[in-house]
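# Chains, contacts and geometry: an overview
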Amino acid sequence: MTDPRYEIERTTHRNGSTVHLHLIGAFDRDAHKVLRAGMRDAFASGRRGHRVTIDMTRVETIGSECIELLLIGYTRAMRGGHGYDVVNAEGHVRQALAMTGLCEPSPVPHALYAPAWAEGLSGQL
């Protein structure tokens, strides 16, 4: 059995208003169960107005299963009244997200995808 090629580091803002999931490695088919569990826990830990940020800085590759989970995360955020950001994707990972509508094809500062109503929450970070 080989070691997984992916990892999720979780940090929580000191007042608990924001959970950051830092994705590291190859988020392909093998990683989708771990990403699903990490996102479920991140949303479960907060009330309305809570923000979940998915940091893609260190993601090497992303598969369709994990892209689908990012879309599900957006839906869950909208239904639950949470803020939601997917940030710092670069290169071919950003291109894959752009093809699905998760981000703009050209670089956009800060968030790749977040509900417009949640923009006022960013000052609370």
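Whatever comes next refers back to the structure up there.
These remarks concern the structure in this document. Please read all numbers here as calculations on a predicted model, not as lab measurements.

## Examining the pairing of strand S4 (residues 83-87)
Summarising burial for S4: five of the five residues are buried, a large majority. Side chains Gly83, Asp85 and Val87 of S4 all project onto a buried face; the interleaved residues Tyr84 and Val86 project onto the opposite face, where all are buried too. With five bridges connecting them, strand S3 (residues 51-62) and S4 associate as parallel partners. Among the inter-strand pairings, Ile54 is bridged to a residue of S4, identified as Val86.

## As for helix H1 (residues 32-44)
An α-helix turns once every 3.6 residues. As a result, residues three or four positions apart point the same way. Taking 1.5 Å per residue, 13 residues should reach 18 Å; H1 reaches 18 Å between its end C-alpha atoms and fits that length. Those residues of H1 that fall on the buried side of the exposure criterion are Leu35, Gly38, Met39, Ala42 and Phe43. Relative to the axis of H1, the buried residues are bounded by an arc of 130° and lie together on one face. Exposed side of H1, more than 90 degrees from the buried face: Lys33 and Ala44 are the residues found there. As for H1, its buried residues are in contact with strand S1 (6-12), strand S2 (18-27), S3, helix H2 (64-80) and S4.

Reading the values: the criteria
- Residues numbered from 1 in each chain as written.
- Predicted model: local features only at pLDDT ≥ 70, side-chain atom pairs only at ≥ 80, totals over all residues.
- Heavy atoms only, no water.
- Buried < 20%, exposed > 50% of the residue type's maximum accessible area, 1.4 Å probe, protein only.
- Helix = DSSP H or I, 4+ residues; strand = E, 2+ residues; numbered from the N terminus.
- Pairing = 2+ DSSP bridges.
- Expected span 1.5 Å × (residues − 1).
- Arc of directions from axis to C-beta.
- Contact = heavy atoms within 4.5 Å.

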